[in-house]
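# Tertiary structure, described
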Amino acid sequence: MNDAYAVELRDVVKQFGDVIAVNHVSLQIKDGEFFSLLGPSGCGKTTTLRMIAGFEMPTSGAIFIHGEQQGYRPPNKRPVNTVFQNYALFPHMTVAENIAFGMEMRQVPKDEIQRRVDEALAMVRLAGMGNRKPKQLSGGQQQRIALARALVNRPEVLLLDEPLGALDLKLRKAMQIELKALQEEVGITFIYVTHDQEEALTMSDRIAVMNNGVVHQVGDPESIYEHPADRFVADFIGETNFIPVRVVSLSPEIVVALDTGQQVVAGWAEEGLSVGDKAVLSIRPEKMDLLEPKEMPKSPSQQMAYVKGKVTHLVYVGADTRHTVVLGDGSEIVVRLQNSYIGEEPWEIGEETIVTWNAAHARILKE
Ligand SMILES: Nc1ncnc2c1ncn2[C@@H]1O[C@H](COP(=O)(O)OP(=O)(O)OP(=O)(O)O)[C@@H](O)[C@H]1O
Ligand SMILES: [Mg+2]
């Protein structure tokens, strides 16, 4: 038996009539990993999860759990458990009865049920709350009961479909940290569906970014954010400037020309681009700086890319301020500068400025 991966999808397709919900997806999820499926509404996250759980069958392709092909095996015969977005606790039952429900059905001995319920409650830090009814608990506590109910079955893999979706922002952030800590503690493989990129970055060991049923990139949070593979990923994760360019050279150095004719170097180019192609230079707003024209070095290094512009908008967002700069060709760049207020005069609307960045941080992507 090949048990190298907790869950493996090989070239999985799911079609509903004309809709291709999941389009040739292959994934390899390691044992004990916190793995997220991230993407916009309708991209196929839930469908992927439901196929792993056995609630849907792939149109083609195969799903393996710990090396075993699942085929038509029904959900209750798979070593997985699912926590759905709308976790339905039974309102008339106590917390303990809710958690015990599955085990009662399977006729697990009474004393073992008791022990495992207590264990599960301790795991989600709700020891002693077994006698309450769900409505006597906060939203976050109810969510943790739903988790306890899934964990009590000791699944090898836990599938979670937007489990924090119903919670307010503050509780959601607190639960993200708790859930991640819990996952590390129990060592169960988590496959976590979310459309919230910050949530995925905060919690995951690795993330698969999906759109229209296709996986665009799989990687750890830092590589997804710092090295987006294509324009979709760069745009979906965080904020990105896309500056229209034309490819001038791809080796030995990557050089592109802006619409103003100015040439700048870049650190990386997407595969499949050729000299002469139209493309976009992609760079994060926090990777840029603003210089006054008089601060511009006489002979800037090759690594220092720069363009002239004028400050047109300032939006104060607490820790930093978003500066919109319009370039000579009318295109706009957003630059985020930290509000450290150390020796820096704030920029004012209408000021001439020079936007600079380290060329290594710029990525050339297909349009
Ligand atoms: N049972 C079904 N019958 C027909 N189409 C379906 C069915 N289930 C899902 N779809 C379609 O498949 C696509 C993917 O749906 P899915 O629920 O997997 O998206 P999702 O990424 O989970 O989105 P959301 O973030 O909104 O939950 C959508 O276009 C959806 O309309
Ligand atoms: Mg969904």
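Source: prediction; values computed, not measured.

A few words now on the overall build of the protein. A count of helices and strands for the protein gives eight helices and 21 strands. Along the longest, intermediate and shortest principal axes, the C-alpha atoms of the protein span 80 × 45 × 35 Å.

So, about the sheet that holds strand β16 (residues 288–291). Taken together, the five strands give an open sheet; going across it, the order is β16-β20-β17-β18-β19, and neighbouring strands pair in antiparallel fashion. In this open sheet, the two edge strands, each paired with only one partner strand, are β16 and β19 (332–338). Taken pair by pair, the neighbouring strands of this sheet meet at an average axis angle of 45°, ignoring direction. Two elements, strand β17 (residues 304–316) and strand β18 (residues 320–327), share seven bridges in a ladder whose sense is antiparallel. Its bridge partner being in β18, Val-315 is matched across the sheet by Arg-322.

This next bit is on the site of ligand 1. Taken together, the neighbourhood of ligand 1 is formed by Phe-16, Val-19, Ala-21, Gly-39, Ser-41, Gly-42, Cys-43, Gly-44, Lys-45, Thr-46, Thr-47 and His-195. Counting residues per element, the shell around ligand 1 draws most heavily on helix α1 (residues 45–53), which supplies three residues. Among the residues forming the shell around ligand 1, the class breakdown is four nonpolar, seven polar and one charged.

Right, let's get into the packing of helix α2 (residues 95–105) against helix α3 (residues 110–123). α3 packs onto α2 with a crossing angle of 130° between their chain directions and a minimal axis gap of 10 Å. The pairing of α2 with α3 is recorded here as oblique in orientation. The way α2 lies across α3 gives a crossing that is right-handed. Here Ala-96, Ile-99, Ala-100, Met-103 and Glu-104 of α2 come into contact with α3, specifically with Ile-113, Arg-116, Val-117 and Ala-120. The residue makeup of the contact of α2 with α3, split by class, is seven nonpolar, no polar and two charged.

With that settled, consider helix α4 (residues 139–151). Compared with the 18 Å implied by 1.5 Å per residue over 13 residues, the 18 Å span of α4 between its first and last C-alpha is a close match. At its buried positions, α4 is contacted by β6 (80–83), α2, α3, β7 (157–161) and α5 (169–186).

The next subject is the sheet that holds strand β3 (residues 34–38). Reading across from one edge, β6-β7-β8-β3-β9-β10 is the order of the six strands in this open sheet, with mixed pairing throughout. Two strands bound the open sheet, and with one partner strand each, they are β6 and β10 (214–219). Recorded for the sheet is a direction-independent mean angle of 15° between the axes of neighbouring strands. Relative to strand β8 (residues 189–194), β7 runs parallel, the two sharing five bridges. Within the sheet, the bridge partner assigned to Leu-160 lies in β8 and is Tyr-192.

Okay, the pairing of strand β11 (residues 241–249) next. Pairing between β11 and strand β15 (residues 278–283): six bridges, direction antiparallel. Across the sheet, the residue bridging to Pro-244 is Val-280, located in β15. When β11 meets strand β12 (residues 254–258), the two strands line up antiparallel, connected through four bridges. Bridging across to β12, Val-247 finds its partner in Val-256. The loop that links β11 with its antiparallel partner β12 comprises four residues.

What follows is about the environment of Val-117. Following the sequence through the fold, Val-117 ends up in helix α3. Assessed through the 21 C-beta atoms surrounding it within 10 Å, Val-117 is described here as buried. Considered as a pair, Val-117 and Met-103 are 14 residues apart in the sequence and their alpha carbons are 9.7 Å apart. In this structure, Val-117 is in contact with Ala-96, Ile-99, Ala-100, Gly-130 and Val-152, ignoring residues within four places of it in sequence.

Residues Ser-251 and Pro-252 are joined by a peptide bond in cis, for which omega reads 0°. By secondary structure assignment, the location of Pro-252 is in the loop between β11 and β12. In the Ramachandran plot, Asp-11 falls in the positive-phi region, its phi being about 50° despite a non-glycine side chain. Owing to 11 C-beta atoms within 10 Å, Asp-11 belongs among the exposed residues under this scheme. Phi at Asn-212 is positive, roughly 50°, even though this residue is not glycine. You can call Asn-212 partly exposed: it has 15 C-beta atoms within 10 Å.

With that settled, consider the pairing of β8. Burial runs high along β8: six of the six residues are buried. Burial along β8 is two-sided: the face carrying Thr-189, Ile-191 and Val-193 and the face carrying Phe-190, Tyr-192 and Thr-194 are both buried. Read as a crossover between parallel neighbours, the route from β7 over α5 to β8 is right-handed.

Along the chain, Leu-159 falls in strand β7. By C-beta crowding, Leu-159 is classed as buried, having 27 other C-beta atoms within 10 Å. Each C-alpha atom, one on Leu-159 and one on Leu-365, is 33 Å from the other, the two residues being 206 residues apart in sequence. When sequence neighbours within four positions are dropped, the list of residues in contact with Leu-159 reads Leu-49, Ile-52, Ala-53, Val-80, Asn-81, Thr-82 and Ile-191.

Calculation criteria
Residues numbered from 1 in each chain as written. Chains lettered and ligands numbered in written order. Predicted model: local features only at pLDDT ≥ 70, side-chain atom pairs only at ≥ 80, totals over all residues. Helix = DSSP H or I, 4+ residues; strand = E, 2+ residues; numbered from the N terminus. Pairing = 2+ DSSP bridges. Axes fitted to C-alpha atoms, helices over the stretch in contact; angles between N-to-C directions. Near = placed C-beta within 6 Å. Nonpolar A, V, L, I, M, F, W, Y, C, P; charged D, E, K, R; others polar. Parallel < 35°, antiparallel > 145°, perpendicular 65-115°, else oblique. Left-handed = near helix turned anticlockwise from the far one by under 90°. Contact = placed C-beta atoms within 7 Å. Expected span 1.5 Å × (residues − 1). Buried ≥ 20, exposed ≤ 12 C-beta atoms within 10 Å, placed from the backbone. Right-handed = clockwise from strand over helix to strand, strands pointing away.

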